[in-house]
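# Secondary and tertiary structure notes
What follows is each chain in one-letter form.
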Amino acid sequence: MPAIVIVGAQWGDEGKGKATDQLGSRVDHVVKFNGGNNAGHTVVIGEEKYALHLLPSGILTPGVVPVIGNGVVVDLSVLFDEIDALEARGVDTSRLVLSANAHLIAPYNRVLDKVGERFLGSRRIGTTGRGIGPTYADKMNRVGIRVQDLFDEKILLQKVESALELKNQMLTKVYNRRAVEPGEILDELLPFADRVRPMVADTSLLLEEALDAGSTVLLEAGQATLLDVDHGTYPFVTSSSATSGGACTGSGIPPTRIDRVAAIIKAYTTRVGEGPFPTELHDAAGEHLRQTGSEFGTTTGRPRRCGWFDAVIGRYATRVNGVTDFVLTKLDVLTGLDTVPVCVAYEVDGERMDEMPMTQTDFHHAVPIYEHLPGWDEDITGARTIEDLPGNARAYVSRLEEMIGRPISVVGVGPDRDASVVVRDLL
Ligand code: IMP
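All of these numbers come straight from a predicted model, not from anything done at the bench.

Here we come to the overall build of the protein chain. Tallying secondary structure elements over the protein chain gives 13 helices and 20 strands in all. Along the three orthogonal principal directions, the C-alpha set of the protein chain runs to about 65 × 50 × 40 Å. In the protein chain, which comprises 427 residues, the proportion classed as buried is 56%. Long-range pairs, those at least 24 residues apart, make up 75% of the contacts in the protein chain with a sequence separation of at least 6. Approximately 17500 Å² of the protein chain is accessible, and the part contributed by carbon and sulfur atoms is 51%. Treating the 42 positive side-chain charges of the protein chain as one cloud and the 59 negative ones as another, the clouds have centres 4 Å apart.

Moving on to the side chain of E280. The topology assignment puts E280 in the loop between β12 (269-271) and α10 (284-292). If we ignore the near neighbours within four places in the chain, the residues touching E280 are R305, C306 and G307.

Before going further, it helps to examine the packing of helix α3 (residues 107-120) against helix α5 (residues 153-174). For the pair α3 and α5, the least separation of the axes is 12 Å and the interaxial angle reads 40°. Of the two elements, α3 crosses α5, and the hand of that crossing is left-handed. Contact residues: α3 offers Y108, N109, V111, L112 and F119, while α5 offers A163, L164, K167, L171 and V174. Of the residues assigned to the contact of α3 with α5, the class counts are eight nonpolar, one polar and one charged.

Right, let's get into the pairing of strand β16 (residues 339-348). A large share of β16 lies buried, amounting to eight of its ten residues. The pairing of β16 with strand β18 (residues 367-374) spans eight bridges and is antiparallel. Looking across to β18, one finds that E347 is bridged to V367. Bridge count for β16 against strand β17 (residues 351-353) is three bridges, and the pairing is antiparallel. Within the sheet, the bridge partner assigned to Y346 lies in β17 and is M353. Count of turn residues in the β16/β17 antiparallel hairpin: two residues, of which D349 carries a positive phi of about 45°.

Counted by the stated rule, this structure contains five aromatic pairs. The ring centre of Y50 lies 4.2 Å from the NZ or CZ of R89, which sits over that ring.

Taken together, the buried positions of helix α8 (residues 203-212) are T203, L207, A210 and L211. Here the buried residues of α8 occupy an arc of 95° about the axis, which is enough to place them on one side. Buried positions along α8 lie against β1 (3-8), β2 (29-32), β5 (65-68), β7 (97-99), β9 (200-201) and β10 (217-220). The first or second residue beyond α8 is G214, which carries a positive phi of 95°.

The next subject is the pattern of salt bridges. This structure, assessed with the given rule, holds 25 salt bridges. In this structure, D75 and R110 form a salt bridge, with 2.7 Å as the shortest nitrogen-oxygen distance. One end of the pair, D75, is in the loop between β6 (73-74) and α2 (76-88); the other, R110, is in helix α3, with 35 residues separating them in the sequence. D75 gets classed as buried once you look at its relative accessible area, which sits at 3%. Residues participating in the shared-partner salt-bridge network are D13, K266, E295, R304 and K330.

Looking at the secondary structure, you find E295 in the loop between α10 and β13 (305-307). Along the backbone, E295 and D13 are 282 residues apart, and their C-alpha atoms lie at a distance of 8.7 Å. Leave out the neighbours within four places in its chain, and E295 touches K266, Y268, T270, L289, R290, R302, P303, R304, C306 and K330. Engagement of the side chain of E295 in a polar contact is seen with the side chain of K330, the distance being 2.9 Å.

This next bit is on the site of the ligand. Close to the ligand lie 16 residues; D13, N38, T128, T238 and R302 are nearest. Separating an oxygen atom of the ligand from a side-chain N or O atom of N38 is a distance of 2.8 Å. One of the backbone nitrogen or oxygen atoms of V272 is found 3.3 Å away from an oxygen atom of the ligand. In the complex, 96% of the free accessible area of the ligand, which totals 470 Å², lies under the protein chains. Its residues assigned to classes, the shell around the ligand shows six nonpolar, eight polar and two charged.

Moving on, we get to the domain arrangement of the protein chain. Domains assigned within the protein chain are domain 1 (3-98 + 200-261), domain 2 (103-194) and domain 3 (265-422). Each partner contributes residues to the interface: domain 1 has 33 residues there, and domain 3 has 39 residues. At the junction of domain 1 and domain 3, the tally comes to two salt bridges. Here D325 makes a salt bridge to R260, at a shortest N to O gap of 2.9 Å. Applying the counting criterion to the domain 1 and domain 3 interface returns 16 residue pairs in polar contact (both at pLDDT 80 or more). The set of elements that each furnish at least two residues to the side of domain 1 that touches domain 3 consists of α1 (16-23), β3 (41-45) and β11 (260-266). Looking at which element gives the most residues to the side of domain 1 that touches domain 3, the answer is β3, with four residues. The residue inventory of the side of domain 1 that touches domain 3, partitioned by class, reads 13 nonpolar, 15 polar and five charged.

Basis of the calculations
- Residues numbered from 1 in each chain as written.
- Predicted model: local features only at pLDDT ≥ 70, side-chain atom pairs only at ≥ 80, totals over all residues.
- Heavy atoms only, no water.
- Helix = DSSP H or I, 4+ residues; strand = E, 2+ residues; numbered from the N terminus.
- Buried < 20%, exposed > 50% of the residue type's maximum accessible area, 1.4 Å probe, protein only.
- Contact = heavy atoms within 4.5 Å.
- Areas by Shrake-Rupley, 256 points an atom, 1.4 Å probe, with all protein chains shown as cover.
- Lys, Arg positive; Asp, Glu negative; His and termini not counted.
- Charge placed at Lys NZ, Arg CZ, Asp CG, Glu CD.
- Axes fitted to C-alpha atoms, helices over the stretch in contact; angles between N-to-C directions.
- Left-handed = near helix turned anticlockwise from the far one by under 90°.
- Nonpolar A, V, L, I, M, F, W, Y, C, P; charged D, E, K, R; others polar.
- Pairing = 2+ DSSP bridges.
- Phe/Tyr/Trp six-rings, centres within 6.5 Å; stacked < 30°, edge-to-face > 60°.
- Lys NZ or Arg CZ within 6 Å of the ring centre and 35° of its normal.
- Arc of directions from axis to C-beta.
- Salt bridge = Lys/Arg side-chain N within 4 Å of Asp/Glu carboxyl O.
- Polar contact = N/O pair within 3.5 Å; in protein donor to acceptor, adjacent residues only side chain to side chain.
- Near = heavy atom within 4 Å.
- Domains from an automatic or database assignment.

Structural data, given as structure tokens:
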């Protein structure tokens, strides 16, 4: 029975939420394996629009068990705010399971994220300011606080004290902030313990048992390939593993149990925050994509940087994730253009590069080489089969497919839940 991983192929916001949601009723478990409330999924169901930051999008599907894996960093106040908001709208969240090994975003890490960015000035990363980076840094530094620590007050106090030893020096001496008392942190975290307890489990074991019993498990990445801490445009990345390998380390499911890897890729490119972006448009065409595609951040409301489709990145995503299928999203946003430029390779210091440059310096200097594909004017939002698409839209899809090297199995043609052309089933 399948375990399927869903990743973003570009810099995030490709529309993973909708893809996950469409598979929703046919899967048994939806696992979030990395990131935290820096993510933002928008799912539209009928008239209702749901913006989720921390909860896996499977939470909206009756019968699905949503799992927050060990690779996630959890801000408990955000978790319960999201749960309460969904419950108030009649969504049952009682099946949610949370890994005992997931790390908690402590309040001091939210502060350190924000002041750290300010301190970096022009070298800032453009983080979401939610404490994600400092919390992963604590995890790797072995001074992190985990969900299970909530159930042992003595251990929790010891861990908070040892984390604060260095942080208070930083806060007071480098950032000119007041020191934090360990007691304040316990006062904020401990009241959650009783509410958290019933949802905590050994999620690795739970998922193995589920797979053994024939369940379908969907592992949903936060962020995306080029924001991955190892394979992304470092240092302009998030602090977790957002590629398919992260699905294993962040959930406890071994690589030998993964059957398929679906990558979500937008018909053009967007990015939020700082960092290189070869096909970025600073002109009216970029503004057109932003307005037509409603490219404003779900988490921070920031306008997204927009540019044309980049096939070099698509091929790279295929390689580092072992993609088996692509889901092409927001094709309808390109309707009405005379021609649609697609970046097929880069020129770097006079040399053509067909693959992702090895060094950051070369990537910063990459100038896109474009192929101009003919556009289409027909409204495609009602298309449900590939034959419903006008010839030029179909040609656009097949040209991208050739360039990124794997089949495009689903094409998104509008924001509604059912606005997709399914060429090949993902499950
Ligand atoms: P952080 O994840 O808050 O540390 O931010 C690091 C970088 O990742 C910044 O450029 C963010 O804008 C970007 N980022 C984090 N989460 C998302 C997401 O869900 N979509 C797009 N970009 C994201």
